[in-house]
Structures are given as C-alpha cells and as structure tokens.
Amino acid sequence: MTQVAHDPSAAPGRTEAVVSFPVDAGDPVFPGHYPGYPVLPGVYLIEYADRAVRAQPALAAGGPPVRLAAVDRCRFLAPVYPGDVVTIALTTEDTEAGLRCTAKAATDRGPAADITLSYRREPAG
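For every chain, the first residue of the written sequence is number 1, and numbering continues from 1 onward in sequence order. Where totals are concerned, whole chains, interfaces and linings use all residues; where local detail is concerned, this predicted model gives features only for residues with pLDDT of at least 70, and gives and counts side-chain atom pairs only at 80 or more. Computation of side-chain values: all heavy atoms of the structure, hydrogens and water removed.

Draft legend 1. Region of the structure containing the packing of aromatic side chains. Here a pair means two rings of Phe, Tyr or Trp (six-membered ring of Trp) with centres within 6.5 Å. Their orientation is stacked below 30 degrees between planes, edge-to-face above 60, and tilted elsewhere. This structure, assessed with the given rule, holds 3 aromatic pairs. With a centroid separation of 5.9 Å and an interplanar angle of 80°, the aromatic rings of tyrosine 37 and tyrosine 81 are classed as edge-to-face. Taken together, the residues tyrosine 37 in the loop between strand E2 (14–22) and helix H1 (42–54) and tyrosine 81 in the loop between strand E3 (66–76) and strand E4 (85–94) connect sequence positions 44 residues apart. Only protein chains enter the area calculation, which uses a 1.4 Å probe; residues under 20% of their type maximum are buried, those over 50% are exposed, and those in between are partly exposed. For tyrosine 37, a relative accessible area of 44% translates into the label partly exposed. Ring centres 6.4 Å apart and planes at 75° place the aromatic pair tyrosine 44 and tyrosine 48 in the edge-to-face group. Remark: tyrosine 48 and tyrosine 44 occur in helix H1; sequence separation between them is 4 residues, near one turn of the helix. Each helix is a run of DSSP H or I of at least 4 residues and each strand a run of E of at least 2, with the numbering of both proceeding from the N terminus.

Structure, rendered in structure tokens:
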C-alpha cells in the first residue's frame, strides 16, 4: 500500500489521506471469484480501507490503539478487476467513542466503493 498524500493541516481531530494499491492479478482468490470473470471481493476493499486507517501517522506513531467496531456503511459501485490500481481517499474524524472513517475507493474507471467505518479506542496498556 502506498500513501500518496497526507494532509496534516486538516482541522483538529480530523485527518485526510490518499492511499493506493495495485490489485495483484495472481491473488489466489480470483480463480473462484468468479470463474471466467475475476472480480476482487468487496471485503478486500473494506480490509484495505481498515489497513490504511491504521497506517495513518497519528495511529502508527504510538497513538491510542483502535479496534474496528463496525462497518456502518458499504456501497459497492463498480467491480475491481485483477491488475487495477485502487486509490482510497480517507477522511478520519475523532468521535467520543473513537474514530469514524469515510473511505472512497476508485479505479481509473471511476468510483468503486463508499465505505464508512467506526473504531473504538482500546484501553491503554
């Protein structure tokens, strides 16, 4: 996963970043999803958004750990194919319970998914 941009000037309690990753055409999931018409399973996009949130500098640098609590919203808009490059624009905001992240995934053909994730803060120690 490549971090393309991170905006440290976002409002307090809010981070914005853009990450991208290539979809490995050799991933063993493709022969079975779907035979003759390989498509990246949507859960992969949720997983990549989650990994991107956890890789944000404020969390990766020793901030309070967070745990994915819920997939609040997930709408798949178009298929993602082997060999595509997926770009995810993330906006993460602090909430009373933890974090809320909106993720917009796209390929060069256009939007692929809109995802909203909620995280809860883990106790320190």
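Structure's up, so let's keep going.
Draft legend 2. Seen up close, the nonpolar core. Definition of nonpolar core: a set of buried residues of the types Ala, Val, Leu, Ile, Met, Phe, Trp, Tyr and Cys, connected through side-chain atoms within 4.5 Å. Core analysis: the largest hydrophobic core is formed by 25 residues, its most contacted members being Leu45, Val86 and Ile88. Listed by contribution, the elements that provide at least two residues to this core are E2, H1, E4, strand E5 (98–107) and strand E6 (110–121). For this core, the element with the most residues is H1, which contributes 6 residues. With residues near it in sequence (within four places) discarded, isoleucine 88 still touches Ala17, Val18, Val19, Phe21, Leu45, Tyr48, Ala49, Ala103, Lys104 and Ala105. Residue contacts follow a heavy-atom distance rule, with two residues in contact if any of their heavy atoms lie within 4.5 Å.

Draft legend 3. Highlighting the side chain of threonine 107. Mapped onto the secondary structure, threonine 107 falls in strand E5. In contact with threonine 107, not counting residues within four places along its chain, are Val80, Asp84, Val85 and Val86.

Draft legend 4. Inspection of H1 at higher detail. If you check H1, its first and last C-alpha atoms are 19 Å apart, about what 13 residues at 1.5 Å a residue would give, namely 18 Å. Three or more residues of H1 are buried, namely Gly42, Leu45, Ile46, Tyr48, Ala49, Asp50, Ala52 and Val53. Expected span of a helix: the number of residues minus one, times 1.5 Å.

Draft legend 5. Spatial organisation of the pattern of salt bridges. Salt bridges are defined as contacts in which a side-chain nitrogen from Lys or Arg sits within 4 Å of a carboxyl oxygen from Asp or Glu. With the rule as written, the count across this model stands at 11 salt bridges. Two residues, glutamate 47 and arginine 51, come together in a salt bridge whose shortest N-O distance is 2.9 Å. Pair noted here: glutamate 47 and arginine 51 are both in helix H1, with a separation of 4 residues, about one helical turn. Given the relative accessible area of 35%, glutamate 47 is considered partly exposed. Through salt bridges with shared partners, a single ionic network connects Arg14, Glu16 and Glu93.

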